[in-house]
Amino acid sequence: MDNPLFKRLKLCVILVILVLLFSSCAQNQSSVKGIKVVATTTLVGDVVKQVGGDQISLTVLLPVGADPHTYEPRPQDAAAISNAHLIFINGLELEHSLEPILQNNSKSQIIEVSAGVNVLPFSGELPVSSPQNSATADVHALGDPHTWMDPNNVIIWVHNIEKGLSAADPANKDLYAKNAFDYILKLQSLDQWIRSEVSLVPVQNRKLVTDHMTFGYFSKAYGFEQAGLVIASLSSSAAPSAQELASLEKTISDQHITSLFVDSTVNTVMADQISRDTGIKVVKIYSGSLGGPGSGAENYLDFMRVDVTAIVTALK
Ligand SMILES: [Zn+2]
C-alpha cells in the first residue's frame with residue numbers, strides 16, 4: 001500500500017493524534033487551578049473545602065483516621081507546606097507535632113481557624129507521672145483544642161476561612177462569601193437538630209465518659225457533664241496510671257455509667273480493660289478525624305450526626 005493518498009492520510013491521523021495529545025496535556029495543566037491551600041486535619045480540610053469549593057486546590061495533610069495529637073509528619077507534608085499560598089490549622093496546640101515543619105517550610109500565612117473561639121480551660125487533673133508531662137502542660141496552658149465539637153465554633157472557623165481565602169484570592173471573594181453563608185445555614189440547622197436529639201436523653205443520664213478530654217465544648221453547649229476520662233488530659237498522647245484507672249472505674253460504678261465513648265483514632269486497649277472490669281459498653285465515636293469511605297462520617301456535618309446518634313442511642 002504505497003499509494004501517496006494513503007501516506008497523506010496516515011500523516012493526517014498522526015497529526016490529529018499529536019494535536020489531541022497536546023491539547024489534553026494543556027487542559028490537565030489548567031485543571032490545577034486556583035490558589036494552593038493546605039489544611040492540617042481532615043476536619044479543618046472539610047470546612048475549608050466547603051468555603052473554597054472548586055476555586056482552590058486543597059491538600060489535607062493528615063490522612064483519615066490519624067490522631068492529630070500524635071501524628072508524625074511525612075516528607076510530602078513539608079513539600080505541600082512550602083508550595084502553599086495559604087495554610088489553615090486548628091490551633092491551640094492540636095498540631096503540636098507539625099509545628100517544626102510548619103515553621104521551617106511555610107512561606108505563606110498560617111491561619112488558626114479556632115482564633116476567636118471562647119476557649120475552655122482544662123478542668124481535670126493532669127497526669128503528674130506522665131512522661132509527656134511537659135507537652136501536656138503546654139496544652140493545658142492554651143486550653144481545650146477540640147473546638148469543632150460545637151458547631152457554633154465551626155461557624156467561627158468558617159468566618160476565619162472566608163476572610164483568609166478572600167484576602168489571598170480577592171477575585172473570588174463573592175464566591176467564598178456565598179459558600180460561607182450557605183454552609184453556616186447548614187451548621188445552624190445541625191445545632192438545632194442536636195438540641196432536639198439531646199432532649200431525648202433524660203437529664204440524669206447526660207454524663208460522658210470518654211477516652212480523653214474531647215467533649216468539653218459539646219458538653220458545655222448541650223448540657224452534658226464529662227464524668228470521667230480514661231486519660232486525664234486534653235491530649236491522647238499520655239497513659240493513665242493504675243491509680244487513675246482505679247478511680248475512673250469507681251466513678252463508673254458509683255454513678256452507674258453504662259457507656260464509654262472512644263475515639264476512632266485511638267487505641268482501645270485501655271477502654272477494653274475498663275469494659276472487662278466494670279461491664280461498661282465501649283461505643284466508638286469520631287472526634288479527632290473524619291471517618292473513611294462508607295463510615296457515614298465522611299464530612300463534618302455527618303460526623304456530628306453519627307456521634308450524636310451514638311450518644312443519644314446509648315444514653316436515652
Ligand atoms: Zn483530642
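The structure we're discussing is the one just above.
About the cut-offs
Here the residue index of a chain counts from 1 through its sequence in written order. Restriction of local features to residues with pLDDT of at least 70 applies here, the model being predicted, together with a cutoff of 80 or more for giving and counting side-chain atom pairs; totals for whole chains, interfaces and linings are based on all residues. To obtain the side-chain values, all non-hydrogen atoms of the structure were included, while hydrogens and water were left out. Here a donor is an N, O or S atom found within 2.8 Å of the metal, or within 3.2 Å if the metal is Na, K or Ca; sites may look incomplete because water is not among the atoms. Under the scheme used here, helices are H or I runs from DSSP no shorter than 4 residues and strands are E runs no shorter than 2 residues, and both carry numbers assigned from the N terminus. Residue burial is assigned from relative accessible area. The probe radius is 1.4 Å, only protein chains are included, and a residue is buried under 20% of its type maximum, exposed over 50%, and partly exposed in between. Only strands that DSSP links by at least two bridges are regarded as paired with each other. For helices, the axis comes from a line fit to the C-alpha atoms of the stretch in contact; other axes are also lines fit to C-alpha atoms, and the angle between any two N-to-C directions lies between 0 and 180 degrees. Residue contacts are defined here by distance: any two heavy atoms, one from each residue, within 4.5 Å place the two residues in contact. Only four residue types enter the tally: Lys and Arg on the positive side, Asp and Glu on the negative side; His and the chain ends are excluded. Throughout this description, the term salt bridge denotes a Lys or Arg side-chain nitrogen within 4 Å of a carboxyl oxygen of Asp or Glu. As used in this record, nonpolar core signifies buried Ala, Val, Leu, Ile, Met, Phe, Trp, Tyr and Cys residues forming a set joined through side-chain atoms within 4.5 Å. Stacked, tilted and edge-to-face pairs are distinguished by plane angle, under 30 degrees for stacked and over 60 for edge-to-face with tilted covering the rest, among Phe, Tyr and Trp rings (Trp via its six-membered ring) whose centres lie within 6.5 Å. The handedness of a crossover follows from its direction of travel: if, with the strands pointing away from the viewer, the path from the first strand over the helix to the second runs clockwise, the crossover is right-handed.

Draft legend 1. Up close: the coordination of the zinc ion. Coordination sphere of the zinc ion, protein contribution only: His69 (NE2), His146 (NE2) and His212 (NE2), at 2.0 to 2.1 Å. Read in sequence order, the donor residues coordinating the zinc ion give the pattern H-x76-H-x65-H. With a gap of 66 residues between them, His146 in the loop between α5 (133-142) and α6 (151-168) and His212 in the loop between β5 (207-210) and α8 (216-222) connect regions that are remote in the sequence. With respect to class, His146 is no different from His212; both count as buried.

Draft legend 2. Quick look at unusual backbone geometry. Phi angles above zero are rare outside glycine, and Leu92 is one such case at about 55°. You can see Leu92 is positioned in the loop between β3 (86-89) and α4 (99-105). Phi is positive for Glu93, which is not a glycine, with a value near 65°. With respect to the secondary-structure elements, Glu93 resides in the loop between β3 and α4.

Draft legend 3. Here's a closer look at the sheet that holds strand β6 (residues 225-229). What the four strands build is an open sheet, ordered β6-β5-β7-β8; its pairing is parallel. Looking along the sheet, the strands with just one partner apiece sit at the ends: β6 and β8 (281-285). The average angle at which neighbouring strand axes cross in this sheet is 35°, direction not considered. The sheet contact formed by β5 and β6 spans four bridges and is parallel. Of the residues in β6, the one forming a bridge with Leu208 is Gln226. Each of β5, β7 (259-263) and β8 touches helix α11 (residues 300-315); the most contacted strand, β7, lies at about 165° to it.

Draft legend 4. Expanded view of helix α2 (residues 42-52). The buried fraction of α2 amounts to nine of the eleven residues, a majority that puts the element mostly inside the structure. Within the sequence span of α2, burial applies to Thr42, Leu43, Val44, Gly45, Asp46, Val47, Val48, Val51 and Gly52. Residues of α2 that are buried make contact with β1 (35-39), β2 (56-60), β3, α6, α7 (173-198) and α11. A positive backbone phi angle near 55° is found at Gly53, which sits one or two residues after α2.

Draft legend 5. Main features of the side chain of Glu249. With respect to the helices, strands and loops of the structure, Glu249 is situated in helix α9 (residues 242-254). Despite being buried, Glu249 has no salt bridge partner; Arg276 is the closest side chain of opposite charge, sitting 8.9 Å away. When sequence neighbours within four positions are dropped, the list of residues in contact with Glu249 reads Gln273, Ile274, Asp277 and Thr278.

Draft legend 6. Just the nonpolar core, in detail. In terms of nonpolar packing, the biggest core is built from 53 residues, with Phe88, Leu165, Phe218, Tyr300 and Phe303 touching the most fellow members. For this core, the elements supplying multiple residues, two or more each, are β1, α2, β3, α6, α7, α8, β8 and α11. For this core, the element with the highest residue contribution is α11, accounting for ten residues. With sequence-adjacent residues up to four places away left out, Phe88 is seen in contact with Val37, Val38, Ala39, Thr40, Val44, Val48, Ile111, Val113, Asn160, Ile161 and Leu165. Ile231, Ile252, Leu260 and Ile274 belong to the second largest nonpolar core, which has 15 residues in total.

Draft legend 7. Broad picture of the sheet that holds strand β4 (residues 109-112). With parallel pairing, the four strands of this open sheet are ordered in space as β2-β1-β3-β4. At either margin of the open sheet sits one strand with a lone partner, and together these are β2 and β4. The mean inter-strand angle of the sheet, taken between neighbouring strand axes irrespective of direction, is 25°. Summarising the sheet, β1 and β2 pair through five bridges and their orientation is parallel. Residue pairing across strands places Lys36 opposite Ser57, the latter belonging to β2.

Draft legend 8. Local environment of the packing of aromatic side chains. Taken as a whole, this structure holds five aromatic pairs when the rule is applied. Relative to Tyr222, the ring of Phe218 has its centre 5.1 Å away and its plane inclined at 55°; by these criteria the two rings are tilted. With a gap of four residues between them, Phe218 and Tyr222 both fall in helix α8, about one helical turn apart. The pair Phe218 / Tyr222 is uniform in exposure class, with both members buried. These aromatic residues form a ring-pair network of at least three members: Phe215, Phe218, Tyr222 and Phe224.

Draft legend 9. Up close: the pairing of β6. Of all the five residues making up β6, four are buried; the element is thus mostly covered by neighbouring parts of the structure. On the question of chirality, the crossover connecting β5 to the parallel β6 by way of α8 is right-handed.

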